[in-house]
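Okay, here's what each chain looks like letter by letter:
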Amino acid sequence: MTLKDMEYVCCIAEFNNFSKAAENLFISQSALSQSITKLEDEIGLQLFSRTNKGVFLTYAGEIFLEEANKIISQTKIFKEKLETLSSCKKRTLGIGVYQFYGRYFLPKIIPEFRKTFPDVQIKIIEDSQYNLEKILLDDEVDLVISAFLDFNPKIIYKKIFTEDILLAVSEKNPINSKITKNNIDLSFFKEENFILLMRGIKARKNIDKICESLDFKLNYLLETKDFETVNSLVAQNIGVGFVPSSVDKLEGVKYYKINNSYSSREFFIAYKKSTQKPYILSEFTKIASSLSKNK
């Protein structure tokens, strides 16, 4: 029994006539009759009662028709879903990411993603972390990679990794001799000059929370927009600074963990619940999560 057999039975039942059904199916009447006879022999049941007034379903035929219609309907839905997934592979994917993290994560994720979706055109928008949620909600991108302090009910958040905020200190700084363990106490650094991210950058809020929770007032020497700049200036022993654990570790710099609940933050791939690309976004998230676990 095949799907075509079911379609033949449904069509005959609709017209109550082999000739009209055959015409509608674009096959000969004899071929249709032979197919139905073969089907009835296969299942051991008579599906149609053939009379001078027409062709009518038997009781077994009515049950067959009911179940066949369900299968045909589900098959149609199944095919439509597959066609939707196939069309996804030919679409564009807009990715929003903060520039610093884009340079670290995307070169790892995109090559793996393209193995599965070689025809997808990727558009990357680098923006401030505060603006990423806005461009997502405005449909300028399909997903964003970012840390989030607040969660929007219109958005789905998939955690991909947790990142530590470290304190970077030049090896030339004599304060290193006072530190005996990797988890440092910020009070050791009350006389140090700090190089910080500018206010308004989301990661700066984490840094401020660390200091507030420890009642630590820091002296900052200068502010910058980029963690790389903080890292480079620390390497020149101009000051100390907070950097994420994903930053390139520079020669001549020590990186200390901070014993505080705000010294780590979760990163997510986020996309709208109303997305038209659930399959492609789900696959991207799986790849990103897998690479994050293996890093």
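Everything numeric in this text was worked out from a predicted model, so none of it was measured.

**Considerations on the overall build of the chain**
Thought 1: Within the chain, the secondary structure is distributed over nine helices and 12 strands.
Thought 2: Taken over C-alpha atoms, the radius of gyration comes to 32 Å for the chain, far larger than the 19 Å a tight globule of 295 residues would show.
Thought 3: For the chain, the spread of C-alpha atoms along the three principal axes comes to 105 × 30 × 30 Å.
Thought 4: Residues classed as buried in the chain amount to 43% of the 295 residues present.
Thought 5: Restricting to contacts in the chain with at least 6 residues of sequence separation, those with at least 24 account for 72%.
Thought 6: With the model as given, the accessible surface of the chain reaches about 16,500 Å², and the carbon-plus-sulfur share is 49%.
Thought 7: For the chain, the distance from the average site of its 42 positive side-chain charges to the average site of its 38 negative ones is 2 Å.

**Remarks on the packing of helix 2 (residues 18-25) against helix 3 (residues 29-43)**
What describes two packed helices is the angle between their axes and the distance between those same axes.
Thought 1: One can describe the packing of helix 2 onto helix 3 by two numbers: an axis separation of 8 Å at closest approach and a directional angle of 105°. Accordingly, the angle class assigned to the pair helix 2 and helix 3 is roughly perpendicular. Side by side, helix 2 and helix 3 meet where Phe 18, Ser 19, Ala 21, Ala 22 and Leu 25 of the first sit next to Gln 29, Leu 32, Ser 33 and Ile 36 of the second.
Thought 2: Here the contact of helix 2 with helix 3 is built from residues that sort into six nonpolar, three polar and no charged.

**So, the pairing of strand 10 (residues 240-244)**
Thought 1: Most of strand 10 is tucked away, with five of its five residues classed as buried.
Thought 2: By the alternation rule, side chains of strand 10 split into Val 240, Phe 242 and Pro 244 and Gly 241 and Val 243, which are all buried.
Thought 3: As paired strands, strand 6 (residues 155-170) and strand 10 are joined by four bridges and run antiparallel to one another. Residue pairing for strand 10: Ile 165 is matched across the bridge by Pro 244.
Thought 4: With two bridges connecting them, strand 8 (residues 193-197) and strand 10 associate as parallel partners. Counterpart to Ile 195 in the pairing with strand 10 is Gly 241.

**Observations concerning the layout of surface pockets**
The method is simple in principle: a probe with the dimensions of a water molecule rolls over the atoms, and the space it marks as empty is what remains.
Thought 1: Of the voids in this model, the largest pocket is the one considered here, and its volume is about 160 Å³.
Thought 2: For the largest pocket, the full set of lining residues is Tyr 98, Gln 99, Glu 126, Asp 127, Ser 128, Gln 129, Tyr 130, Gly 200, Ile 201, Lys 202, Lys 225 and Asp 226.
Thought 3: Counted by class, the lining of the largest pocket contains three nonpolar, four polar and five charged residues.

**Comments concerning helix 3**
Thought 1: Helix length check: helix 3, at 15 residues, gives a terminal C-alpha distance of 21 Å against a target of 21 Å (1.5 Å per residue), a fit within 8%.
Thought 2: Every buried residue of helix 3 is listed here: Leu 32, Ile 36, Leu 39 and Glu 40. Seen along its axis, helix 3 keeps its buried residues to an arc of 100°; they face one direction. Those residues of helix 3 that are exposed and angled more than 90 degrees off the buried face are Gln 34, Lys 38 and Asp 41.
Thought 3: Note on helix 3: the residue one or two positions beyond its end, Gly 44, has a positive phi of about 75°.

**Considerations on the nonpolar core**
Thought 1: Leu 93, Tyr 101, Phe 113, Leu 143, Ile 145, Ile 269 and Phe 284 are the most contacted members of the largest nonpolar core, which totals 41 residues.
Thought 2: Per-element tally for this core: the top contributor is helix 5 (residues 99-116), with eight residues.
Thought 3: With residues near it in sequence (within four places) discarded, Tyr 101 still touches Leu 106, Gln 129, Glu 163, Phe 227, Pro 244, Ser 246, Arg 265 and Phe 267.
Thought 4: Membership of the second largest hydrophobic core comes to 19 residues, among which are Ala 21, Ile 36, Leu 47 and Ala 68.

So, how was this worked out
- Residues numbered from 1 in each chain as written.
- Predicted model: local features only at pLDDT ≥ 70, side-chain atom pairs only at ≥ 80, totals over all residues.
- Heavy atoms only, no water.
- Helix = DSSP H or I, 4+ residues; strand = E, 2+ residues; numbered from the N terminus.
- Rg over C-alpha atoms; globule rule 2.2 N^0.38 Å.
- Buried < 20%, exposed > 50% of the residue type's maximum accessible area, 1.4 Å probe, protein only.
- Contact = heavy atoms within 4.5 Å.
- Areas by Shrake-Rupley, 256 points an atom, 1.4 Å probe, with all protein chains shown as cover.
- Lys, Arg positive; Asp, Glu negative; His and termini not counted.
- Charge placed at Lys NZ, Arg CZ, Asp CG, Glu CD.
- Axes fitted to C-alpha atoms, helices over the stretch in contact; angles between N-to-C directions.
- Parallel < 35°, antiparallel > 145°, perpendicular 65-115°, else oblique.
- Nonpolar A, V, L, I, M, F, W, Y, C, P; charged D, E, K, R; others polar.
- Pairing = 2+ DSSP bridges.
- 1 Å grid on protein atoms, 1.4 Å probe; cavity = no way out; pocket = protein on both sides within 12 Å on 5 of 7 lines; lining within 4 Å.
- Points joined across faces, edges and corners; volume = space filled by probe spheres on them.
- Expected span 1.5 Å × (residues − 1).
- Arc of directions from axis to C-beta.
- Core = buried A, V, L, I, M, F, W, Y, C linked by side-chain atoms within 4.5 Å.

Any link to function would need more than the numbers given here.
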